[in-house]
Amino acid sequence: MSTVAVQPERILKDLQQLWAQMAQDQAESGGVLRACAMTLVVAAEDSSDAERVRQTVGVLMHNHPSRAVILHPGGSGADLDARIFAECWKPFGKAQQICSEGIEITAGRSGFSEVAKFLVPLRVPDLPVVLWCRGAAALDPGPLESLFPLADKIIFDSGHVADADSALQFLRRLRGRGRRVADLHWTRITGWREVLAHLFDDRALKPEEVKAAQVTFGGPAVTTEARYFAAWIRTSLPGARVTLSSGDGPPGLRSVMLSTASDSLTIALGSDHCVEVSGCGRHYRSLLPSASEEALMQEELGILGPDPVYERALTA
Amino acid sequence: MTEVRNPFADPLRFERRVPECAIVIFGAAGDLAKRKLLPALYRLAYDRRLPASFAIVGNSRTAMSDEEYRQRMHDAVKQFSEDGAFDEDLWTRFAGNLHYVAGDVKDPQMYLALKEKVNATGQANILFYLSTQPSYYTVIVDGIGHSHLASAPDGAWRRLIVEKPFGHDLESAKELNARIHAVFREQDTYRIDHYLGKETVQNILALRFGNGIFEPLWNRRYVNHVQITAAESIGVEGRGGYYQEAGALRDMIQNHLLQVMATVAMEPSAVFEPDAVRDERAKLLRSIKIMRPEEVDSYAVAGQYKGFRQEPGVNPDAQTDTYAAGTFFVDNWRWAGVPFFIRTGKKLPKRVTDIAIQYNSAPLALFRSGDGAQGTRPNLLILRIQPEEGISLLFLSKEPGSGMRLRPVSMDFNYGTSFGERSPSAYETLLVDAMVGDPTLYTRQDMVEASWTVIQPILENWNNRRFDFPNYDPGTWGPAEADAMIAKLGRQWRNS
């Protein structure tokens, strides 16, 4: 890794040199292959968050090789600093290393608004640009907003925000302005949604028979994931009455109960990261998928086009 | 049965879900089950693609208890699992769903025992897998029919997977189909061709029909010829007995390679739905020009490597083709006059399967510096199926330095590296497809019969003559006659 002055042309030139050097160094041991399918811009909260981001990006690159640009604020001035790095791994049983490249940019608070113009030439031409805005501040983006027009998809995490309604309003507003947005708090409920959807695949329930759905959440206030879950059910079953209620336990989804005229079925959060399904002749546990940041991002980076189901739930 | 749309479906995020079912494997102690089927099913469990409730019921003649069968499969899965993905805890849970019924497939009592075992698993849906010697296929299908194992309760299904070969010629293929249809409907019959399950073969459709730049160049105006090569560096490896009855033409060209050719040359279907895609493949197979008897010697070449007759189980006078090559033409507007050269063989210099689409050279040799021949070298689009799945485009580029010297360069797309996710094996893909009821990548009766029709004149010619075998050395690219076959049309094999 090396530190360079922030001039996009200089950064690109240094990246070229880095690749040439790596190719030379690894020539004897199978060589390196440069892989890139997108530009992933990550706006980290601060320098310690940037360190975490680097680790996460290292994992993400295996499935989504990209040019990663990690931005984080540092100091109060207008200075911009940059360093470049390569992230390499060896596929099982192969001699050749696969590498993706990264650029870490530190911007003083007052220089952050300048970042957008530096990013334009740093994007990999003709490939999608994904912007991942981390932390609570992302939903009150300030200077980050200048990056939005550069991105084909902007990923937030409303799980960091206490006020679910404001977060959803913000995301809807962005969507209304034509931005393609995603929210990791929606991604966190994929496992819940899949369990519920399977009940309809199995005909344990028929859509037309469901009269009511009650979504219960824990914690002091409703979260966006509970709101999303309820909205998703509402848009999928327009004939059913969908209610949200608060229950015991830590913040997050606790259960959903679907009622027909004669029966009811509950999916409830159990122990060991499982949900328990009971009712309508069913009783089983289902393991929820990993909710690690890497797993959530893998899912989101796999969807670069429209995501109609999310958009329906967001705008419902 | 009308399919009701699930309002909660989210295909972008949810995996296709495998329904609860029992898989009944005939030939469950055989090589295919040990090397491919059980490792594929275990891998699906490892990736959490199997439902919480499922069962595998194996049958073969070997007397074994459930526990002994589990132990035997434990060792096989551990040995043959890809990427070394094996977890003892997961295996213990997986093995709890493994059951075994010993017995002869000719014995009606065996089917009753099988039925009892399947019923005990509580599974309503059953997928039968024929992984035995082909001569037992009709016996097993009859046995399933007579024992009413094929009768599904309301809302449940019965499906049958049949391994190749689907007959040994056109007539026997028709007969096999008729016997299968006496018990299973065509839509419940899944003829497996594992080549079609390979990611790169599927990717041919994505390359052709998902991109705008290739399809306009995918026709007789721009394509000079197509070469399809499936080379193996090994010999028959203990399968001499089976192989001497089959031969390369039957074993590879009739099924795998003609299906690959159909995928390369077919017209786009209006929608990506199983029967629409299969209709186009079938149409292409029916458009392949059938050789007249007098053309066979010019357009087809048989070979046998030195040492084949000394392999265990092989007749010392065997006339088996361990190498086969053919020149095929497609009688339609897109491909009229474009030769498709197909070759396959054992004991060739390396293991490689690829499709090379050679384009016409630039009409004018503009660059005549030091290397005139290089200056007119045609472009090649190579679709690599194995060992490294990917796509390469060969074109000419200027050498650095003064002057205008051109040299060919390769632009490579490597499937494994561009998508870091592990590609599922062909058997994983195809087993999931059969369980979810998607036959897109399976071969339909009319496709099987069309490909036998293409091969039949060659078979008849070869069956009625004595070859001067062996005619190629191990480690070479096959007999000289194959070079002559392609040279007659002014082309040469890519032997690189």
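Residues numbered from 1 in each chain as written. Chains lettered and ligands numbered in written order. Predicted model: local features only at pLDDT ≥ 70, side-chain atom pairs only at ≥ 80, totals over all residues. Heavy atoms only, no water.

The next thing to look at is the environment of A:Arg172. All names here are of chain A. Along the chain, arginine 172 turns up in helix α4 (residues 164-176). Between the alpha carbons of arginine 172 and glutamate 311 there is a distance of 8.9 Å; along the sequence they are 139 residues apart. Apart from residues no more than four positions distant in its own chain, arginine 172 is found in contact with Leu314, Thr315 and Ala316. (Helix = DSSP H or I, 4+ residues; strand = E, 2+ residues; numbered from the N terminus. Contact = heavy atoms within 4.5 Å.)

Here we take up the pairing of strand β11 (residues 241-246) of chain A. Residue and element names in this part refer to chain A. Two strands pair when backbone bridges link them, and strand β10 (residues 212-218) and β11 are joined in this way by six bridges, in the parallel orientation. Pairing of threonine 216 across the sheet is with serine 245, part of β11. Handedness of the crossover is the feature at issue here: the chain leaves β10, passes through helix α7 (residues 224-236), returns alongside β11, and the resulting connection is right-handed. (Pairing = 2+ DSSP bridges. Right-handed = clockwise from strand over helix to strand, strands pointing away.)

What follows concerns the sheet that holds strand β11 (residues 352-359) of chain B. Neighbouring strands of a sheet are bound in pairs by backbone hydrogen bonds; such pairs are parallel or else antiparallel. Residues and elements named next belong to chain B. With mixed pairing, eight strands are arranged side by side in an open sheet as β8-β9-β10-β7-β11-β12-β13-β14. Each edge of the open sheet is held by one strand with a lone partner, namely β8 (300-303) and β14 (406-414). In this sheet, neighbouring strand axes are inclined to one another by 15° on average, regardless of whether the strands run parallel or antiparallel. In this structure, strand β12 (residues 380-386) lies alongside strand β13 (residues 390-398), joined through five bridges in antiparallel fashion. By the bridge assignment for β13, leucine 381 is matched with leucine 393. Contacting β11, β12, β13 and β14, helix α7 (residues 199-210) runs over the sheet at an angle of about 145° to β12. Most of the contacts of helix α8 (residues 240-265) go to strand β10 (residues 340-345), to which it runs at about 145°, and overall it touches β7 (223-231), β9 (323-328), β10, β11 and β12. (Axes fitted to C-alpha atoms, helices over the stretch in contact; angles between N-to-C directions.)

Let's shift gears to the sheet that holds strand β6 (residues 189-191) of chain B. All names here are of chain B. Read from one edge of the open sheet, six strands run β3-β2-β1-β4-β5-β6, paired in parallel fashion. A single partner strand is all that each edge strand has here, and the edge strands are β3 (98-102) and β6. Strand-to-strand twist across the sheet, computed as the mean angle between neighbouring axes with direction ignored, equals 20°. Relative to strand β4 (residues 126-130), strand β1 (residues 21-26) runs parallel, the two being bridged by five bridges. Each residue of the ladder has a partner; that of isoleucine 23, found in β4, is leucine 127. Across the sheet, helix α5 (residues 137-146) lies against β1, β4 and β5 (158-162), angled at about 160° from β4, the strand it touches most.

This part takes up the environment of B:Gly197. Residues and elements named next belong to chain B. Relative to the helices and strands, glycine 197 resides in the loop between β6 and α7. A relative accessible area of 0% places glycine 197 in the buried class. Sequence spacing of glycine 197 and alanine 113 is 84 residues, and the spatial spacing of their C-alpha atoms is 33 Å. Among residues more than four places away in sequence, those in contact with glycine 197 are Gln202, Ala426, Thr429, Leu430 and Leu441. (Buried < 20%, exposed > 50% of the residue type's maximum accessible area, 1.4 Å probe, protein only.)

All names here are of chain A. Following the criterion strictly, the structure yields one disulfide over all chains and no others. With a sulfur-sulfur separation of 2.1 Å, cysteine 88 is cross-linked through a disulfide to cysteine 99. Because the torsion about its S-S bond is 110°, the bridge between cysteine 88 and cysteine 99 counts as right-handed. Taken together, the residues span a long stretch of sequence, with cysteine 88 in strand β5 (residues 80-89) and cysteine 99 in strand β6 (residues 97-107) at a distance of eleven residues. A relative accessible area of 0% places cysteine 99 in the buried class. Unpaired in this structure, cysteine 36 has its nearest cysteine sulfur neighbour in cysteine 99, at a distance of 12 Å. (Disulfide = S-S within 2.5 Å.)

The subject of this paragraph is the interface of chain B and chain A. Contacts between the two partners involve 20 residues from chain B, matched on the other side by 35 residues from chain A. Where chain B abuts chain A, roughly 2,300 Å² becomes buried across the two surfaces, and 56% of that area is made up of carbon and sulfur atoms. For the interface between chain B and chain A, the tally reads four salt bridges. Between B:Arg13 and A:Glu299 there is a salt bridge, with its nearest N and O atoms 2.8 Å apart. At the junction of chain B and chain A, the tally comes to ten residue pairs in polar contact (both at pLDDT 80 or more). Tallied by class, the residues present in the side of chain B that touches chain A amount to seven nonpolar, five polar and eight charged. (Buried area = accessible area lost by both parts, 1.4 Å probe. Salt bridge = Lys/Arg side-chain N within 4 Å of Asp/Glu carboxyl O. Polar contact = N/O pair within 3.5 Å; in protein donor to acceptor, adjacent residues only side chain to side chain. Nonpolar A, V, L, I, M, F, W, Y, C, P; charged D, E, K, R; others polar.)

Residues and elements named next belong to chain B. The element β4 is largely enclosed, with a buried count of five among its five residues. Here five bridges tie β4 to β5, and the two strands are oriented parallel to one another. Looking at β5, one finds that leucine 130 is bridged to valine 162. Following the backbone out of β4, through α5 and into the adjacent parallel β5, one traces a crossover that is right-handed.

Let's shift gears to the packing of helix α6 (residues 170-181) of chain B against helix α13 (residues 445-463) of chain B. All names here are of chain B. The contact between α6 and α13 brings their axes to 9 Å, and the two run at 165°. In terms of orientation, α6 and α13 fall into the roughly antiparallel class. The handedness of the crossing between α6 and α13 comes out as right-handed. Across the interface between the two elements, Leu170, Ala173, Lys174, Asn177 and His181 from α6 touch Gln445, Val448, Glu449, Trp452, Thr453 and Gln456 from α13. In terms of residue class, the contact of α6 with α13 is made up of four nonpolar, five polar and two charged. (Parallel < 35°, antiparallel > 145°, perpendicular 65-115°, else oblique. Left-handed = near helix turned anticlockwise from the far one by under 90°.)

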